[in-house]
Amino acid sequence: MNEVPTESETPVNGDLHDLVEVLLLRADQRYTAGRRAMVELLNALGHPASISEIARHLPHIPRSSAYRHLVDLQGAGVVRRIAAKDEFARFELTEVMTEHHHHLLCTTCGRVIDVTPSDEFERTVARAVSELAGARAFRVTSHALDVFGHCSACLESGEASTASATARS
Ligand SMILES: [Zn+2]
Ligand SMILES: [Zn+2]
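Note that this is a predicted model, so its numbers are computed, not measured.

K.L.:
Honestly, the overall build of the chain in this entry has me stumped. Any pointers?
P.N.:
Helix and strand counts for the chain come out as seven helices and six strands. Counting from the amino terminus, helix and strand elements in the chain follow one another as α-α-β-α-α-β-β-β-β-α-β-α-α. In the chain, which comprises 169 residues, the share counted as buried stands at 19%. Counting only contacts in the chain whose residues sit at least 6 apart along the sequence, the fraction spanning at least 24 positions is 57%.

Right, here's the structure in full:
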């Protein structure tokens, strides 16, 4: 588990906050202290975080408020929600603020693994995507690729086989 740097160690990322503020303004929203705390935490964690992980790091913010902040930030295009299943929802900053990447989602434990694709992989995906969209005269501006399955920990513990068996019933 990554430790979140304390306030004094966290570099003040002016660009990040300026960008978030612009996106929020565009959505007629203000950059409140609560929303700022969410953005700072997600930026410091650097991986998709569950609501319990967020609550653990920001104990002074009630879970319901944290959830509302995330929904607002999502609406403004600041935060993206990723989930293999509803109860496994994870939140991360959108690619406007990070870099293009894909996800491997474990449907057994909910783990989300960020994967940064190689240039060659991206070229292959981009070609396949434009072929797919071009057939419908659709102009592609971006893509998101989430892959569902079972993580190595779940496969090793045998959890994955049990979960697939129940999922099928
Ligand atoms: Zn797993
Ligand atoms: Zn891609």
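K.L.:
Whenever I open this one, the sheet that holds strand E4 (residues 102-106) confuses me. Can you help?
P.N.:
Whether parallel or antiparallel, the strands of a sheet pair through hydrogen bonds between backbone atoms. Overall, mixed pairing links the three strands, which are arranged E5-E4-E6 in an open sheet. This sheet does not close on itself; its edge strands, each paired only once, are strand E5 (112-115) and strand E6 (146-149). Taken pair by pair, the neighbouring strands of this sheet meet at an average axis angle of 20°, ignoring direction. Pairing analysis gives four bridges linking E4 to E5, with the strands arranged antiparallel. Looking across to E5, one finds that Leu 105 is bridged to Val 112.

K.L.:
I'm lost on unusual backbone geometry in this one. Help?
P.N.:
Peptide bonds are, in most cases, trans, and in most cases residues other than glycine have a negative phi. Of note, the phi angle at Asp 28 is positive, near 60°, even though the residue is not glycine. One can find Asp 28 in the loop between helix H1 (14-26) and helix H2 (33-45). At Ala 137, a residue that is not glycine, the phi angle is positive and equals roughly 55°. Note on placement: Ala 137 falls in the loop between helix H5 (119-134) and E6.

K.L.:
Explanation requested: the sheet that holds strand E1 (residues 49-50) in the structure shown.
P.N.:
Pairing within the open sheet is antiparallel, and its three strands lie in the order E1-E3-E2. Of all strands in the sheet, those bounded by a partner on one side alone are E1 and strand E2 (79-82). Sheet analysis places E2 next to strand E3 (residues 90-93), joined by four bridges and oriented antiparallel. The partner of Ile 82 across the bridge, within E3, is Arg 90. In this fold H2 packs onto E1, E2 and E3, with an angle of close to 90° to the strand it touches most, E3. Against the sheet, helix H4 (residues 63-75) makes contact with E2 and E3, and its axis sits at roughly 110° relative to E2, the strand it touches most.

K.L.:
Is there a simple way to think about H5 in this case?
P.N.:
The periodicity of an α-helix, 3.6 residues per turn, causes residues three or four positions apart to be oriented the same way. Helix length check: H5, at 16 residues, gives a terminal C-alpha distance of 22 Å against a target of 22 Å (1.5 Å per residue), a fit within 8%. Little of H5 is tucked away, with zero of its 16 residues classed as buried.

K.L.:
Looking at this structure, how should I read H2?
P.N.:
Here H2 spans 18 Å end to end across 13 residues, near enough to the 18 Å set by a 1.5 Å rise per residue. Within the sequence span of H2, burial applies to Arg 35, Met 38, Val 39, Glu 40 and Leu 42. The inward-facing, buried residues of H2 abut H1, E1, H4, E2 and E3. Among the residues trailing H2, Gly 46 stands out with phi positive, at a value near 70°.

Scoring rules and cut-offs
Residues numbered from 1 in each chain as written. Chains lettered and ligands numbered in written order. Predicted model: local features only at pLDDT ≥ 70, side-chain atom pairs only at ≥ 80, totals over all residues. Helix = DSSP H or I, 4+ residues; strand = E, 2+ residues; numbered from the N terminus. Buried ≥ 20, exposed ≤ 12 C-beta atoms within 10 Å, placed from the backbone. Contact = placed C-beta atoms within 7 Å. Pairing = 2+ DSSP bridges. Axes fitted to C-alpha atoms, helices over the stretch in contact; angles between N-to-C directions. Expected span 1.5 Å × (residues − 1).

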